[in-house]
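# What the coordinates show
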Amino acid sequence: MPITDMQSRTVVVIGAGPAGAIAAALLNRKGHDVLIIERQAFPRFSIGESLLSHCLDFVEEAGMLDAVQAAGFQFKNGAAFACGDQYSAFDFGEGFSQGKPSTFQVQRADFDQLLADQAALQGVEIRYLQEIVSADFNAAQPVLQVRREDGSQYALQAGFVLDASGYGRVLPRLLDLEAPSDFPLRRAVFTHVEDHIQSPPFDRNKILVSVHPEHRDVWFWTIPFSNGRCSQGVVASAERFKDKPEDLDACLRAFIDETPSLRNTLKDAVWDTPARTIGGYAANVKTLHGPGFALLGNAAEFLDPVFSSGVTIAMRSASMAANLLDQQLRGEQVDWENDFAIPLKRGVDTFRAYVEGWYDGSFQDVIFFKDSQPEIRAMISSILAGYAWDLRNPFVSEPKRRLRMLTEICAGEAS
Ligand code: FAD
């Protein structure tokens, strides 16, 4: 396809999801010229519906908090966990870190459109149905090739590129930056239902994470929305799917049927939406930045959905990158490794320690431990609320050691 024109912008953001919308709005608010290129038309479905409190700090920084609060999303004040007859609920309002005590559970089609519309209202140009198809970072300034819906292409020169393309992983693919994830291959099957959930102790203000009674590495999310519906999904490793039906609806129902507490919670649900699946989502990269670019959100690393940390990490990376890029564009010397990659990874690694502990069972023992001290529950609660960068929290500053200590205490008390 011949290239018909060449355009030039200060900052080009790839993708209008949460990372892209927040980064673009922040740079625009600081007076920089920003263009978002988005492959799809909005609204569009996305997985990742349970938010953490910390992500609202970035929504607020981007001047979008009033709009999000007025949108009628489901209020969320914590996370609840169930395993057989064990039940444990954490309230974000009782956390150790100072921060927002609550957040929302959102249909991402609506939420992502709201953020993108807010960015556009603030002055960010968004070009929907245009896709970045190649990138050249060898010249003095990066040049991206953009393909329009009709197949025509143009070249886009950028002072700096922020890749917020999520699972599209545009620059990791084009610049050979992909690296294997440490996590095994897992898969999720999920749908939305008319839930009709009545039974206590179900709390609509919390995500419910249920553990399979036989396989502790198999877990379910139940994320209530404000319209009487909820998102219901199961996550399991590839081998756990071997004896399950291929049909996705039947597969999801089969996992739920094996889990009495959840089966009972959902006994009146109306299953009116075909299930979907996503697998092999854990991903990593060799670097988070390079000359003329930085990677945000899922375009960089994605760990695991169990603690609903994806959107929070995406927004945190967007805020950190936007603030550093602002300094760079104003002519200051900046250090992307020390002021972006290393501090961002610190919080990601905190989540990683607890995700690993979830799947090896140690963190589940801590979560369901009946006699845990309120101060310890407060520290865990803050991590579950997304405050995984607060180094004053000992469970953030030395997650592995603290988790090991707690596991030993739980094992000692149980024996
Ligand atoms: P996205 O939201 O994926 O946005 C990227 C955008 O880039 C898309 O709109 C896409 O169309 C666009 N794009 C892609 N390629 C191109 C291209 N070539 N050119 C132009 N545009 C392009 N997170 C949570 O916080 N809470 C949860 O409860 C949660 N549950 C999850 C459950 C599962 C099973 C999985 C797999 C993930 C879950 N996540 C959750 C993670 C969450 O989905 C992501 O972390 C989050 O959506 C990342 O946001 P983003 O802005 O980085 O990317």
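Take the sheet that holds strand E4 (residues 78–83) next. Strands sit in the order E5-E4-E13-E14-E15-E12-E16 across an open sheet of 7 strands; the sheet is mixed. Of all the strands in the sheet, just strand E5 (86–91) and strand E16 (276–279) have a single pairing partner and so form its edges. Neighbour to neighbour, the strand axes of the sheet diverge by 20° on average, direction disregarded. Here E4 pairs with E5 via 6 bridges, running antiparallel. Residue pairing in the sheet places Ala-80 in a bridge with Ala-89 of E5. Here helix H11 (residues 374–384) sits on the sheet and contacts E4 and E5; the angle it forms with E5, its principal contact strand, is near 75°.

Inspection of the secondary structure assignment puts Ser-181 in the loop between strand E11 (178–179) and strand E12 (186–194). Put simply, Ser-181 and Gln-40 are 141 residues apart on the chain and 27 Å apart in space, counted from C-alpha to C-alpha.

Looking now at the layout of surface pockets. Here the largest pocket defines a volume of roughly 900 Å³. Taken together, 48 residues line the largest pocket, and the ones lying closest to its centre are Ser-46, Ile-47, Arg-108, Tyr-167 and Asn-298. Mapped onto the lining of the largest pocket, the elements with two or more residues apiece are helix H1 (18–29), strand E8 (131–136), helix H5 (170–174), E12, strand E14 (219–224) and helix H8 (310–329). Among the residues making up the lining of the largest pocket, the classes are represented as 25 nonpolar, 16 polar and 7 charged. If you add up the space inside the second largest pocket, you get close to 200 Å³. In terms of lining residues, the second largest pocket is bounded by 15 residues, among which Ala-82, Tyr-87, Pro-201, Ser-261 and Thr-265 are the most central. Of the residues forming the lining of the second largest pocket, the biggest block, 4 residues, is contributed by helix H7 (residues 260–265). Grouping the amino acids of the lining of the second largest pocket by side-chain chemistry returns 7 nonpolar, 7 polar and 1 charged.

Once that is clear, we can look at the pattern of salt bridges. Scanning the model with the defined rule gives 30 salt bridges in all. A salt bridge links Asp-91 to Lys-206; the nearest nitrogen and oxygen atoms lie 3.4 Å apart. With Asp-91 in strand E5 and Lys-206 in strand E13 (residues 206–211), this pair connects stretches of sequence that are 115 residues apart. Of the residues examined, Asp-91 reaches a relative accessible area of 24% and is grouped as partly exposed. Here Lys-206 falls in the buried class, since its relative accessible area comes to 5%.

Taken domain by domain, the protein chain consists of domain 1 (3–75 + 106–180 + 282–346) and domain 2 (186–279). Taking only C-alpha atoms into account, the centre of domain 1 sits 31 Å from that of domain 2. Each partner contributes to the interface: domain 1 provides 15 residues, whereas domain 2 provides 18 residues. Together domain 1 and domain 2 conceal approximately 1,400 Å² of surface at their shared face, both sides included; 61% is due to carbon and sulfur atoms. On the surface where domain 1 and domain 2 come into contact, there are 0 salt bridges.

Criteria and cut-off values
Residues numbered from 1 in each chain as written. Predicted model: local features only at pLDDT ≥ 70, side-chain atom pairs only at ≥ 80, totals over all residues. Heavy atoms only, no water. Pairing = 2+ DSSP bridges. Helix = DSSP H or I, 4+ residues; strand = E, 2+ residues; numbered from the N terminus. Axes fitted to C-alpha atoms, helices over the stretch in contact; angles between N-to-C directions. Contact = heavy atoms within 4.5 Å. 1 Å grid on protein atoms, 1.4 Å probe; cavity = no way out; pocket = protein on both sides within 12 Å on 5 of 7 lines; lining within 4 Å. Points joined across faces, edges and corners; volume = space filled by probe spheres on them. Nonpolar A, V, L, I, M, F, W, Y, C, P; charged D, E, K, R; others polar. Salt bridge = Lys/Arg side-chain N within 4 Å of Asp/Glu carboxyl O. Buried < 20%, exposed > 50% of the residue type's maximum accessible area, 1.4 Å probe, protein only. Domains from an automatic or database assignment. Buried area = accessible area lost by both parts, 1.4 Å probe.

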